[in-house]
Amino acid sequence: MLSVKLFNATTIAYFVSMIMFIAFLPTRAKVVALIGTIAAYIGFVLQTGALGYRWYESYQLLGADGRAPLSNLYESVVFFAWTIVMFYLLLDLKYKQRSIGAFVMPFAFLGMTWAQLGLNDAIDPLVPALQSNWLTYHVITCFLGYAAFAIACGVSIMYLIKAGKEENNAEGSPAGGILSLFPSVRILDDINYKAIMVGFPLLSLGIITGAAWANYAWGTYWSWDPKETWSLIVWFIYAAFLHARFTRGWVGKKAAWLSIIGFGATIFCYLGVNLVLSGLHSYGGG
Amino acid sequence: MSAKNRSFVDHIWEFFCSLKLAIITLILLAVTSIIGTVIQQGKPAQEYIQEYGESTYKLFLALDFVDMYHSWWFLTLLNVFAINLICCSIKRLPRILKLVREPNRVAEDGLYRTLSNFEEIVTSASLQDVSRKAQEYVTKNFGKPDVTEQDGKVYLFAQKTAWARFGVYVTHISILIIFVGAIMGNVWGYKAYVNVVEGTSTDEVWPRSGKEPIKLGFEVRCDRFAVEYYPGSTRPKEFTSDLVVLENGQEILKKTIEVNDPLSYKGITFYQSSYGQMGDAQFIFKVTERETGTTKEVRARRGEMISLPGGGGFRVVDFTEQFQNFGAAARIEVVPELDHDHKPGEKHASFVVLKAFPEFDSRRGGKYIFSLQDFKQKYYTGLQVAKDPGVWVVWLGCFLMVVGSMSAFFLSHRRVWLTIQPVDDKTGIKVGASAHRNQPAFEIYFDEFKKNLKTELSE
Ligand code: HEM
């Protein structure tokens, strides 16, 4: 399938982008970062085309049963990578902080690599339970939320590295060397918060569309199945983050840790529940 | 009330208003919720005993771990959470209402000192001129100001999106609304199921918990159930049931339901959920005797021995609707001579007849040529039945939550104050501003605002 070949090309572009961003840190050559950014754009455009083309392919293969490319583990991982890069590029437009790329593009690259090497890329028709527009709304909102949390996690890691270094330096002077390329800790902390601010309503929408779908398919909007429960756990963690920050002044390190824990829970909700626990959700496990 | 009681009540009140409690409750809810995802919920006792052993199971029972989301301690946690929200809102809302409805329109120096966005300008223009120009400027660049003249000074105040302050409260109240909806569903609704055999109807359904059936107050009939497969695969494409709602024997409503497309009547919704076979299938075969060429149509049930012209007989030993992607198929067994004494355990040739390939069996070269014309399998359709009068309340709460949290995060209550007063023989202007969110962006806006104000006034 052409879409799968395009996704391969995307993976290569993200690889180049990731390597360039990482190389940018020691070399500090602006041109290296620029290549990284261009590669990310090229990958994003390729991937957008591939997603659209896969949609078209599903109609070619399945006739009237074609569907949006959002319905199995392979497609969801690919979409996840796409949303991460989309958010990253938006962030790049706003902040122009190229060093962030080294901490965000790896998520996208790892996702694409896993999908291309480890997951089944066949376009199968949908079983009855998945034939619903709610599936599309649910997947889109969830993964936009997850991607925002991925960004928050990336900048939180940067925050911890930089803040840790600055603490070791005498009288907390700004870190030199590679770390001088990092945005200031204040900006990192702010991006962490803003990304969660974007992700939280999206996650809420993801949970709500999932509940609406469950209600439409079998008459209960909430049944405490492991996937649902984990999405709620993630939601609680980020709600705690927002409240601790806003009202108890949990900024900086504590906020960064909470953000990393939140993203860990997000990934467990997305993958761990299917691979480790059992539940209603049909995809996962290959 | 004695002073001691008073302070005790105060303590409780403060406890339930506190944000520390909110954060602790959120974290506790997150952590305890994990238990129910690791230990499967609501399984029969044997399964737990098999997996964890007798004594662990007893511990689980004591701690309500096998149905933890309905346990007293988890519900208590949810209640604390709700009470916390209510108290916190009651405590803070009046202050916010006052802030929005009765803003401080007269800014004194004390207020300006608290603002990070602040500027002082002195110009030689007259107070009247400055006041007029400033009003025009604020109206044009921010919003129409309230003007207060007092003690020879002129105070301007303007605010935008003051209601953004309520986004947080809308979010919090939405959670309570969702709780109310869930409780309504639990109290006045039910979840049940019913199996309806094709051609029959039912006026009662079986609750998932409890033994007594629930009367629907009308009848539901299933005219037909069908499974459709994707061409050339065993993957089901659709499960459909033709349902008819009857009241007093009158057909009221007809709908073909499928997964993700239920039927609703009088607040009760029927969802396609499972199916099964009812009794044995009846098969219609065309059998041709190879020698004579005589053809006969015969009907058979599974396992039933049917005699054939020429002394032989056959029976259907197995049947499937989907045989290796070839569609419906029957496995039949042929006995060449029925009269001949059967020995127990005696085996006869058995083979598969495919409905989709009626000519196929002639190639087998047997005494009889079979083709499967048709089969009639009675099915029952398994329906989930739900009545949930609270579901709309839940959706309303969800809607408010999204709208509320978006406005809490992305809208900002912005205020601008100006004080114009004589300073010796000149006119002094103090200008200050605040935004309750996203201060960095507002700072940039304010820098521009005061720069333009300066040029405007110096013209
Ligand atoms: C999971 C449930 C909850 C959600 C989704 C939620 C949502 C929110 C959101 C979105 C904000 C705005 C945060 C910000 O401005 O950064 C907020 C603020 C706040 N929340 Fe909650 N909240 C929840 C539970 C609670 C509870 C239980 C309390 C109990 C006291 C509470 C008290 C507050 C307070 C006092 C604020 C700050 C309000 C202000 O002055 O602007 N929240 N909440």
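Q: Where do I start with the overall build of chain A in this structure?
A: Within chain A, the secondary structure is distributed over eight helices and zero strands. Going residue by residue from the N terminus, the α and β elements of chain A occur as α-α-α-α-α-α-α-α. In summary, chain A has a C-alpha radius of gyration of 20 Å against a globular reference of 19 Å for 286 residues, a match within 12%. The principal-axis extents of the C-alpha atoms in chain A amount to approximately 65 × 45 × 30 Å. Each of the 286 residues in chain A was classed as buried or not, and the buried ones make up 60%. Of the roughly 11200 Å² of accessible surface on chain A, a fraction of 69% belongs to carbon and sulfur atoms. Taken together, the 17 basic and 13 acidic charged side chains of chain A have centroids lying 11 Å from each other.

Q: For this particular structure, what's the right way to read the coordination of the iron atom of the ligand?
A: The textbook angles at a metal center are 109.5 degrees for a tetrahedron of four donors and 90 or 180 degrees for an octahedron of six. Coordination of the iron atom of the ligand by the protein involves His243(A) (NE2) and His172(B) (NE2), with metal-donor separations of 1.8 to 1.9 Å. With six donor atoms in place around the iron atom of the ligand and angles of 87 to 179° between them, the coordination shape is octahedral. Placement of the pair is His243(A) in helix α7 (residues 226-248) and His172(B) in helix α8 (residues 167-188), with the two residues belonging to separate chains.

Q: Would you explain the site of the ligand in this entry?
A: Surveying the vicinity of the ligand reveals 21 residues, the closest of which are Tyr193(A), His243(A), Cys88(B), His172(B) and Arg437(B). At 2.6 Å, a side-chain N or O of His243(A) approaches a nitrogen atom of the ligand. In the model, an oxygen atom of the ligand is placed 2.2 Å from a nitrogen or oxygen of the Arg437(B) side chain. When residues of the shell around the ligand are traced back to their parent elements, those giving at least two are α6 (185-218) and α7 of chain A together with α2 (19-38), α5 (72-101) and α8 of chain B. Partitioned by chemical class, the residues of the shell around the ligand number 14 nonpolar, five polar and two charged.

Q: Explanation requested: unusual backbone geometry in the structure shown.
A: Trans peptide bonds make up the majority, and among non-glycine residues the majority have a negative phi. All names here are of chain A. Backbone geometry places Arg28, a non-glycine residue, at a positive phi of 55°. With respect to the secondary-structure elements, Arg28 resides in the loop between α1 (2-27) and α2 (30-62). The backbone of Trp224 sits at a positive phi, close to 55°, despite the residue not being glycine. Mapped onto the elements of the fold, Trp224 is located in the loop between α6 and α7.

Q: What is the right way to read the domain arrangement of chain B from this model?
A: Interface size is commonly expressed as the accessible surface area that is lost when the partners come together. Considered domain by domain, chain B is made up of domain 1 (8-98), domain 2 (105-161 + 412-458), domain 3 (171-278 + 380-402) and domain 4 (282-377). The C-alpha-based centres of domain 2 of chain B and domain 4 of chain B are spaced at 97 Å.

Q: Would you mind showing me how to read the packing of α5(B) against α8(B) here?
A: The packing of two helices is summarised by the inter-axis angle and the distance between the axes. Residue and element names in this part refer to chain B. It is at 10 Å that the axes of α5 and α8 come closest, and there the two elements cross at 145°. The element α5 and its partner α8 pack so that their crossing is left-handed. Between α5 and α8, the residues in contact are Leu78, Phe81, Ala82, Leu85, Ile86, Ser89, Arg92, Leu93 and Ile96 and Tyr169, His172, Ile175, Leu176 and Phe179, respectively. Broken down by class, the residue content of the contact of α5 with α8 amounts to eleven nonpolar, two polar and one charged.

Q: So what exactly am I meant to see when it comes to the domain arrangement of chain A here?
A: Residue and element names in this part refer to chain A. One can read the domain layout of chain A as domain 1 (1-126) and domain 2 (127-286). With centres defined by C-alpha atoms, the gap from domain 1 to domain 2 works out at 20 Å. Every contact between the two is made by 29 residues of domain 1 and, on the other side, 41 residues of domain 2. Buried surface at the junction of domain 1 and domain 2, summed over both partners, amounts to about 2900 Å²; 81% is from carbon and sulfur atoms. Area buried by domain 1 at its contact with domain 2 is led by Phe80, Phe103 and Leu126, which between them contribute 22% of it. Between the two partners, domain 1 and domain 2, sit zero salt bridges.

Q: Help me understand the packing of aromatic side chains in this model?
A: Within a pair of aromatic rings, the relevant descriptors are the distance that separates the centres and the angle that separates the planes. Residues and elements named next belong to chain A. All told, the structure shown has 56 aromatic pairs over all chains when counted by the stated rule. On the basis of an interplanar angle of 80° and a centroid distance of 4.9 Å, the ring pair of Phe143 and Tyr270 is categorised as edge-to-face. Linking Phe143 in helix α5 (residues 133-168) with Tyr270 in helix α8 (residues 252-276), this pair joins segments that are 127 residues apart in sequence. Accessibility classification places Phe143 together with Tyr270 in one group, the buried group.

Q: In this structure, what is going on with the side chain of Asp92(A)? I would like to understand it.
A: Residues and elements named next belong to chain A. With respect to the helices and strands, Asp92 occurs in helix α3 (residues 73-95). Residue classification places Asp92 among the buried positions, given a relative accessible area of 4%. Among all residues touching Asp92, those that are not within four sequence positions of it are Thr37, Gln97 and Arg98.

Q: Could you clarify how one ought to interpret the pairing of strand β5 (residues 201-207) of chain B in this entry?
A: Along any regular strand the residues' side chains alternate between the sheet's two faces. Residues and elements named next belong to chain B. Sheet topology places strand β4 (residues 190-197) next to β5; two bridges connect them, and they run antiparallel. Each bridged residue has a counterpart across the sheet, and for Tyr193 the counterpart in β5 is Trp206. Where β4 hands over to β5, the hairpin turn is made up of three residues, of which Gly199 adopts a positive phi near 85°. Relative to strand β6 (residues 214-229), β5 is paired through four bridges, and the arrangement is antiparallel. What sits directly across from Val205, in β6, is Ile214. Between the end of β5 and the start of β6, which pair antiparallel, lie six residues, with Gly210 showing a positive phi angle near 105°.

Q: Teacher, can you tell me more about the sheet that holds strand β12 (residues 306-307) of chain B here?
A: Either a parallel or an antiparallel arrangement is found when strands of a sheet pair, and the pairing is made through backbone hydrogen bonds. Residue and element names in this part refer to chain B. Pairing is antiparallel across the open sheet formed by four strands, whose spatial order is β12-β13-β14-β15. Edge strands, defined here as strands with exactly one partner in the open sheet, are β12 and β15 (350-354). Sheet analysis places strand β14 (residues 329-335) next to β15, joined by five bridges and oriented antiparallel. Within the sheet, the bridge partner assigned to Ile332 lies in β15 and is Phe351.

Q: I keep staring at the interface of chain B and chain A and nothing clicks. Help me out?
A: Opposite the 47 residues of chain B that make contact, chain A presents 47 residues. Approximately 4100 Å² of surface area, both sides summed, lies buried where chain B meets chain A, with 69% of it carried by carbon and sulfur atoms. Considering only the surface of chain B that becomes buried against chain A, Thr37(B), Asn260(B) and Phe409(B) emerge as the three largest contributors, covering 16% of it. For the interface between chain B and chain A, the tally reads two salt bridges. For the pair chain B and chain A, the number of links is 13 residue pairs in polar contact (both at pLDDT 80 or more). Contributions of two or more residues to the side of chain B that touches chain A are made by α2, α8, β7 (236-247), β10 (268-289), β16 (368-387) and α9 (391-410) of chain B. Per element, the largest residue contribution to the side of chain B that touches chain A is eleven residues, and it comes from α2(B).

Analysis parameters
Counting restarts for each chain: residues are numbered from 1 in the order of the written sequence. Chains and ligands are labelled sequentially in the order written, the chains with letters from A and the ligands with numbers from 1. The model is predicted, so local features are restricted to residues of pLDDT at least 70 and side-chain atom pairs to those at 80 or more, both for listing and for counting; the totals for chains, interfaces and linings are taken over all residues. Calculation of side-chain values draws on the structure's entire complement of heavy atoms; hydrogens and water are dropped beforehand. Think of it this way: any DSSP run of H or I at least four residues long counts as a helix, any run of E at least two long counts as a strand, and we number them from the N terminus. Both definitions apply: the radius of gyration is a C-alpha atom measure, and the globule rule equals 2.2 Å times residues to the power 0.38. When accessible area is computed with a 1.4 Å probe and restricted to protein chains, residues below 20% of their type maximum are described as buried, those above 50% as exposed, and intermediate ones as partly exposed. Here the Shrake-Rupley method, with its probe set to 1.4 Å, supplies the accessible areas, and only the displayed protein chains count as covering residues. Charged residues are defined here as Lys and Arg on the positive side and Asp and Glu on the negative side; His and the ends of the chain fall outside this count. By convention, the point assigned to a charge is CZ for Arg, NZ for Lys, CD for Glu and CG for Asp. As a rule, N, O and S atoms within 2.8 Å of a metal are its donors, except that Na, K and Ca use 3.2 Å; water is not among the atoms, so sites may look incomplete. Think of it this way: with four donors and all angles in the 85 to 135 degree range, the site is tetrahedral; with four or six donors, opposite ones beyond 155 degrees and the rest between 65 and 115, it is square planar or octahedral; otherwise it is irregular. The nearness test applies per residue and asks whether one of its heavy atoms lies within 4 Å of the molecule or strand. Identification of polar contacts relies on pairs of N or O atoms within 3.5 Å, with a donor-acceptor requirement for protein atoms, meaning one able to donate a hydrogen and the other able to accept it, and with residues adjacent in sequence counted only if both atoms are side-chain atoms. Residues were grouped as follows: Ala, Val, Leu, Ile, Met, Phe, Trp, Tyr, Cys and Pro as nonpolar; Asp, Glu, Lys and Arg as charged; and all remaining residues, including Gly, as polar. Segment limits for the domains were obtained from an automatic or database-derived domain assignment. Fitting a line to C-alpha atoms yields each axis, with helices limited to the stretch in contact; the angle taken between N-to-C directions then spans 0 to 180 degrees. Note: crossing handedness is left-handed where the near helix turns anticlockwise from the far helix by less than a right angle, and right-handed where it turns clockwise. Residues are treated as being in contact if the distance between any of their heavy atoms lies within 4.5 Å. By definition, the buried area sums, over both parts, the 1.4 Å-probe accessible area that each loses when the two are put together. Whenever a carboxyl oxygen of Asp or Glu lies within 4 Å of a side-chain nitrogen of Lys or Arg, that contact is scored as a salt bridge. Pairing of aromatic rings covers Phe, Tyr and Trp, the last through its six-membered ring, and needs centres within 6.5 Å; plane angles under 30 degrees mean stacked, over 60 mean edge-to-face, and all others mean tilted. The rule for pairing is simple: two strands pair if DSSP sees at least two bridges between them.

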